[in-house]
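# Architecture and fold: a report
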Amino acid sequence: MNIHDIMMQVVEKEGSDIHLNVDTPPMLRVGGKLVAVEGAPVLTQELSEKLILPILTQEQKDYVRVNKELDFGYQFQDKGRFRVNVFHALGTIGAAMRLIPDRVKSLEELNLPPAIAQFADFNQGLVLLTGPTGEGKSTTLAALIDTINKTRSEHIVTIEDPIEFRYRANKSIITQREIGHDSNSWQVALRSVLREDPDVVLIGEMRDFETIASAITIAETGHLVFATLHTATAAETMSRIIDVFPAGQQGQIRQQLAATVKAVASQRLLPAVDGSRRAAMEIMFANSAIRNLIREEKAFQIDTVMQTSADSGMMLFETHLMQLIQQGIISKDVALERAFRPAEMARLLEK
C-alpha cells in the first residue's frame, strides 16, 4: 500500500482526513469518526517514512529534517488537494492530511443559512468566519469567494498557509499566494498586498497581533477582507480581537473594529440524524447598535442585540440549532451537547 492508495480511499469514502502515526494503522476520518484503513498494518517508523516522504520535495524533506514540521498543499491527481501537516512525535515522523475537494461547492449545496449569502455582497470591511479547525470554515469561505468570482468583476487576492481550494477565474481575476512558497512570511505578504491592487483579500487565518492588525488596516483602506479566527461566539470574537492589542491601544482598536467589521459567522459541523454532518452557525451583522457596543467596551451585550435582530438575518447559535431540530436534521441530544449556551438551548427546547 502506498500513500496514493490511502488518498483514494478517503476520496471514495467521502472522508475528510488521513492520520499517519507510528504504532497505529493509517486512519481515516469519515463522517466525523476515525476508522482504520482497510487491510493496512500498524505503522512502524520505516512504514511511516515510506508513506510520507514520497510526497515531499527534496527541499521539503530538508526543511522537515531541520524544523521538525511543515504545512504544504499536495495535488492528488484530479481528485482534489490535500492540506498536509508533517510532524514529529516521540521522535518519529507522522502526518495529518485534510482533503480539499477539487470543486468549490456553492452556498446552496452546503445547506448554509440564506443570510450567509449577504457576506458576498459587501464591497468593503471585515468579514470573519470563526470556529475550531476542522469545522468547515475554509469550505464556507471558498463558497463565498467563488460567489464573488462568478458575480462580480474584482481582483481577489488570497494569502494562505497552505493554499487549499484552487479557484478558476470567472468574472474576477484571482491571485493565490502561499506562505513559504510565494512569500517568505505573513508580515511581508500582508504588507505588500495593498500594492497588488486588490478589491477582495482572503487571509487564511488571523493568528497573531500582526495579522489581526493588518486585516483591520486593509479593511480600513476600503477593501473587503475575509479571514478566520479560532473563537466561538460573535461577542467573544470581538473581545478576542481587542484583547490581542496592548492596553494602551485597545481604545483605538475598538474604534477601528467598530468602523470596519461587517459580519461574523461562527460555524460548527454537527452529526446529522442521517449519518452525515451539517453546518450550524451563529450569524452577526454589525448594525449601529452593535458598533456602539464595540466602541463602548460592552461586547458582552451583543447577544441581546442579536436576539432582537432576527429580521436582518442575525441569529444565535442556539436559534439555528433549534431550526435544525425542527427540520429533523439533528437530534436534541446533539444540540444540547454542542450548544454554546446550554441554558438557552434548554429553554428553547422547553417551549
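Treat the numbers as computed from the prediction; the structure is a model and nothing was measured.

The next subject is the pattern of salt bridges. For side chains of opposite charge, pairing can occur when their charged atoms come near one another. In total, this model carries 20 salt bridges according to the counting rule given. Salt bridges sharing common partners tie together Glu-282, Asp-303, Glu-318 and Arg-341.

Looking now at the packing of helix 6 (residues 209-220) against helix 8 (residues 250-260). Axis separation between helix 6 and helix 8 bottoms out at 10 Å; the angle between their running directions is 50°. Classified by the interaxial angle, the pair formed by helix 6 and helix 8 is oblique. Taken as a pair, helix 6 and helix 8 cross one another with a handedness that is left-handed. Residues Ile-216, Ala-219 and Glu-220 of helix 6 touch helix 8, and the partners they reach there are Ile-253, Gln-256 and Thr-260. Per-class residue counts for the contact of helix 6 with helix 8 are 3 nonpolar, 2 polar and 1 charged.

Now for the pairing of strand 11 (residues 224-229). Judged by how many residues are buried, strand 11 sits mostly within the fold: 6 of 6 residues are covered. Both faces of strand 11 are covered, namely the face carrying Leu-224, Phe-226 and Thr-228 and the face carrying Val-225, Ala-227 and Leu-229. Where strand 7 (residues 125-130) lies against strand 11, 6 bridges are found, and the strand directions are parallel. Its bridge partner being in strand 11, Leu-129 is matched across the sheet by Thr-228. Inspection of the sheet shows strand 10 (residues 200-203) paired to strand 11 by 4 bridges, in the parallel sense. Residue Val-201 lies in a different strand from strand 11, and its bridge partner there is Val-225. In the classification by handedness, the crossover that spans strand 10, the intervening helix 6 and the parallel strand 11 is right-handed.

To continue, consider unusual backbone geometry. Cis geometry marks the peptide bond from Asp-161 to Pro-162; its omega dihedral reads -5°. For Lys-68, which is not glycine, the phi dihedral falls at a positive 75°. Considering the arrangement of structural elements, one finds Lys-68 in the loop between helix 3 (58-67) and strand 4 (70-76). Of note in this structure, Asp-197 is not a glycine but carries a positive phi near 55°.

The buried fraction of strand 6 (residues 92-101) amounts to 8 of the 10 residues, a majority that puts the element mostly inside the structure. Across 4 bridges, strand 1 (residues 17-20) lies against strand 6 in antiparallel orientation. Looking across to strand 6, one finds that Leu-20 is bridged to Ala-95.

The sheet built from 7 strands is open, its strands ordered 9-8-10-11-7-12-13 with mixed pairing. At either end of the open sheet lies a strand with only one pairing partner, and these are strand 9 (173-178) and strand 13 (277-285). Direction aside, the axes of adjacent strands within the sheet are offset by 15° on average. Here strand 8 (residues 155-160) runs beside strand 9; their pairing, made up of 6 bridges, is parallel. Residue Ile-159 lies in a different strand from strand 9, and its bridge partner there is Arg-177.

Right, let's talk about the layout of surface pockets for a bit. For the second largest pocket, the calculated volume is near 700 Å³. What lines the second largest pocket is a set of 20 residues, among which Leu-70, Asp-71, Glu-178, Ile-179 and Gly-180 lie closest to the centre. Of all the secondary structure elements, the ones that give two or more residues to the lining of the second largest pocket are helix 3, strand 4 and strand 5 (80-89). For the lining of the second largest pocket, the element with the most residues is strand 4, which contributes 4 residues. Looking at side-chain class alone, the lining of the second largest pocket contains 6 nonpolar, 6 polar and 8 charged residues.

Conventions adopted
The written sequence of each chain sets the order in which its residues are numbered from 1. It should be noted that, the model being predicted, local features are given only for residues of pLDDT at least 70 and side-chain atom pairs only at 80 or more, the latter also being counted only at that level, while totals for whole chains, interfaces and linings use all residues. Values shown for side chains rest on all heavy atoms present in the structure; no hydrogens or waters enter the calculation. What counts as a salt bridge is simple: a side-chain nitrogen of Lys or Arg found within 4 Å of a carboxyl oxygen of Asp or Glu. All axes are obtained by fitting lines to C-alpha atoms, using only the stretch in contact for helices, and the reported angles, taken between N-to-C directions, cover 0 to 180 degrees. Secondary structure elements are taken from DSSP: a helix is a run of H or I of four residues or more, a strand is a run of E of two residues or more, and numbering for both begins at the N terminus. What sets the label is the angle itself: under 35 degrees gives roughly parallel, over 145 gives roughly antiparallel, 65 to 115 gives roughly perpendicular, and the rest give oblique. Two helices cross in a left-handed way if the nearer one is turned anticlockwise from the farther one by less than a right angle. They cross in a right-handed way if the turn is clockwise. Two residues qualify as a contact provided that any one of their heavy atoms is within 4.5 Å of a heavy atom in the partner residue. Under the scheme applied here, ten amino acids are nonpolar (Ala, Val, Leu, Ile, Met, Phe, Trp, Tyr, Cys and Pro), four are charged (Asp, Glu, Lys and Arg), and all others, including Gly, are polar. Only protein chains enter the area calculation, which uses a 1.4 Å probe; residues under 20% of their type maximum are buried, those over 50% are exposed, and those in between are partly exposed. At least two bridges found by DSSP between two strands are what make those strands a pair. Clockwise travel from the first strand over the helix to the second, with the strands pointing away from the viewer, marks a crossover as right-handed. Here a cavity means grid points, on a 1 Å grid over the protein atoms only, where a 1.4 Å probe fits yet cannot get out; a pocket means an open set of points with protein on both sides within 12 Å along at least five of seven lines; lining residues are those with an atom within 4 Å of a point. Grid points are joined across faces, edges and corners, and a volume is the space filled by probe spheres set on the points.

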